[in-house]
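Here are the chains, one letter per residue:
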Amino acid sequence: MNDLPSIDAVAKLAGVSAATVSRVINGTKPVSPETRRRVEDSIKRLGYRANAFGRSLSTGQSRLLLVLVPDFANPYYAEIVSGAATVARQSGYTLLPVDLEESWRHDDGSLEALYSLTDGVINMVPITNESTMVDTARRKPWVNCSEFLPGSDVPYVSIDHRQAACDAVQYLINRGHSRIALINSDERFLYARQRREGYELALHRAGLELRPELVRMAGVTSYLGGSQAAAALLATAQPPTAVFAVSDMLAIGAIKAFRRAGMRVPDDIAVVGFDDIPIAEVFEPGLTTIAQPMQALGAVAVELLLSRLSGGTPASRILPYTLALRESA
């Protein structure tokens, strides 16, 4: 098996010094267009790949961005990471996603080691400790995505979760429903608290009673969690005629439970989800849901972080959402 080509081999083929090749790769100093062309052609011909860790020693940059993800099993986060990866790749960066099942803990030694390897952080996990987040954000450029701390000066990108939930429930109200249930996930997450607030706001505006027995906390965003919450709703004295679930996975799980109970969706009970993950459109019945711009969330998160890495002070962004109308409601 042949050894991988070295930077010296690239320099020899291009007729330049190894230092010049390094300048082209790292962009540390300007070179003439002709020299850059010869170096880039030589890199392609030899299949040379720069060593990211060796480059980090000379430039102080690893070109790695750490992405803190609550749950890889949730397609919502996968879509965000996909959008982030596209922008990162175009800018010469690589993402390092880390799955954190619990809230980020500042005393986790392995996480601290990852911080030292990366240039910046995109965070999607619940923020439960303001002082810890601020301390880390001062040591390493940090951007929040979907989750954020209201009033903090750490930039974030998200949507208006409260208003989106209010719109979803208002749609059900407009369809004639008055007994509308909520299936929530985990209120450590800001989005879960805000979506519950939107649910309550829509009921209040319509003059509808908030029924505690119609609010179910799944504690997770999974199909099983949605099924279990739906079964509990059917066991109430007056089951709902409609359900708003704070994630599509919960909504689809609920629909499965309703079908097993012999109910027709939406004839017997309507269901609205949140996120618009890929399966939402192809599932039967097609899921009416709040469509988040998931890939755009990831892309903007990277743009904000790159701005911070270059010394900028980017403003936080609230992206638009839509209500995707399908057959489930």
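Here, every reference points to the structure presented above.
These figures come from a predicted structure and were not determined experimentally. (Residues numbered from 1 in each chain as written. Predicted model: local features only at pLDDT ≥ 70, side-chain atom pairs only at ≥ 80, totals over all residues. Heavy atoms only, no water.)

Enquirer: Is there a simple way to explain the overall build of the protein in this structure?
Expert: Counting its regular elements, the protein contains 13 helices and twelve strands. For the protein, with 329 residues in total, the buried portion stands at 48%. Of the contacts formed within the protein by residues at least 6 apart in sequence, a portion of 70% connects residues at least 24 apart. By element, 50% of the accessible surface of the protein is carried by carbon and sulfur atoms, the whole surface being about 15,500 Å². (Helix = DSSP H or I, 4+ residues; strand = E, 2+ residues; numbered from the N terminus. Buried < 20%, exposed > 50% of the residue type's maximum accessible area, 1.4 Å probe, protein only. Contact = heavy atoms within 4.5 Å. Areas by Shrake-Rupley, 256 points an atom, 1.4 Å probe, with all protein chains shown as cover.)

Enquirer: I keep staring at the packing of helix α8 (residues 161-174) against helix α9 (residues 190-205) and nothing clicks. Help me out?
Expert: Helix-helix packing: each pair is described by the crossing angle between the helix axes and the interaxial distance. The geometry of α8 relative to α9 is characterised by a closest axis approach of 7 Å and an angle of 40° between their N-to-C directions. Judged on the interaxial angle alone, α9 and α8 are oblique. The two elements α8 and α9 meet at a crossing, and its hand is right-handed. Here His161, Arg162, Ala165, Cys166, Val169, Gln170 and Ile173 of α8 lie close against α9, whose contacting residues are Tyr191, Gln194, Arg195, Glu197, Gly198, Tyr199, Leu201, Ala202, Leu203 and Arg205. (Axes fitted to C-alpha atoms, helices over the stretch in contact; angles between N-to-C directions. Parallel < 35°, antiparallel > 145°, perpendicular 65-115°, else oblique. Left-handed = near helix turned anticlockwise from the far one by under 90°.)

Enquirer: Even after reading the chapter, I still don't get the sheet that holds strand β12 (residues 322-324), so can you show me in this structure?
Expert: Across the sheet, six strands lie side by side as β7-β6-β8-β9-β10-β12; this open sheet has mixed pairing. Each edge of the open sheet carries a strand with a single partner, namely β7 (215-217) and β12. With direction set aside, neighbouring strand axes in the sheet form an average angle of 20°. Judged from the four bridges that link them, strand β6 (residues 180-184) and strand β8 (residues 242-245) form a sheet pairing that is parallel. (Pairing = 2+ DSSP bridges.)

Enquirer: I keep staring at the sheet that holds strand β2 (residues 94-99) and nothing clicks. Help me out?
Expert: Sheet strands pair via backbone hydrogen bonds, and the direction of the pair is either parallel or antiparallel. As summarised here, the arrangement of the six strands in space is β2-β1-β3-β4-β5-β11, forming an open sheet in which the pairing is parallel. The open sheet has two edge strands with one neighbour each: β2 and β11 (317-318). Sheet analysis places strand β1 (residues 64-69) next to strand β3 (residues 120-123), joined by four bridges and oriented parallel. Paired with Leu66 across the bridge in β3 is Val121.

Enquirer: Would you take a moment to explain empty space enclosed by the protein for this structure?
Expert: To find the voids left in a structure, one rolls a probe of water-molecule size over its atoms. Applying the stated criterion across every chain yields a total of one cavity of 30 Å³ or more. When its volume is computed, the largest cavity comes out at roughly 50 Å³. Lining the largest cavity, in full, are Asn74, Tyr76, Tyr77, Ser146, Tyr191, Arg195, Thr221, Ser247 and Asp275. Of the residues belonging to the lining of the largest cavity, the class tally is three nonpolar, four polar and two charged. (1 Å grid on protein atoms, 1.4 Å probe; cavity = no way out; pocket = protein on both sides within 12 Å on 5 of 7 lines; lining within 4 Å. Points joined across faces, edges and corners; volume = space filled by probe spheres on them. Nonpolar A, V, L, I, M, F, W, Y, C, P; charged D, E, K, R; others polar.)

Enquirer: Teacher, can you tell me more about the packing of aromatic side chains here?
Expert: What describes a pair of aromatic rings is the distance from one ring centre to the other and the angle between the planes of the rings. Enumeration over the complete set of coordinates arrives at four aromatic pairs. A ring pair is formed by Phe189 and Tyr191, whose centres lie 5.3 Å apart and whose planes are at 50°; its orientation type is tilted. A single burial state applies to Phe189 and to Tyr191, both of which are buried. On the basis of an interplanar angle of 55° and a centroid distance of 6.3 Å, the ring pair of Phe244 and Phe274 is categorised as tilted. Of the two residues, Phe244 sits in strand β8 while Phe274 sits in strand β9 (residues 270-275), which places them 30 residues apart along the sequence. (Phe/Tyr/Trp six-rings, centres within 6.5 Å; stacked < 30°, edge-to-face > 60°.)

Enquirer: Whenever I open this one, the pairing of strand β10 (residues 288-291) confuses me. Can you help?
Expert: Within a regular strand, the side chains alternate between the two sheet faces. In this structure, β9 lies alongside β10, joined through four bridges in parallel fashion. Paired with Asp275 across the bridge in β10 is Ala291. Note: β10 against β12, three bridges, orientation antiparallel. Within β12, the residue paired with Thr289 across the bridge is Ala324.

Enquirer: Help me understand a nonpolar patch on the surface in this model?
Expert: On the surface, Tyr223, Ile279 and Val282 cluster together into a nonpolar patch covering about 260 Å² of accessible area. Tracing the backbone through its elements, the reader meets Val282 in helix α12 (residues 279-282). (Patch = residues over 30% accessible without salt bridge, like charges linked within 9 Å, V, L, I, M, F, W, Y side chains within 5 Å. Salt bridge = Lys/Arg side-chain N within 4 Å of Asp/Glu carboxyl O.)

Enquirer: Any chance you could explain helix α3 (residues 33-46) here in plain terms?
Expert: Helical geometry note: an α-helix holds 3.6 residues per turn, so side chains three or four residues apart project in the same direction. Along its 14 residues, α3 runs 20 Å from first to last C-alpha, staying within 8% of the 20 Å computed at 1.5 Å per residue. Those residues of α3 that fall on the buried side of the exposure criterion are Thr35, Val39, Ser42 and Ile43. Axial view of α3: buried residues confined to an arc of 100°, hence all on one face. Summarising the geometry of α3, the exposed residues directed more than 90 degrees from the buried face are Pro33, Lys44 and Arg45. Looking one or two places after α3, you find Gly47, whose phi comes out positive at around 70°. (Expected span 1.5 Å × (residues − 1). Arc of directions from axis to C-beta.)

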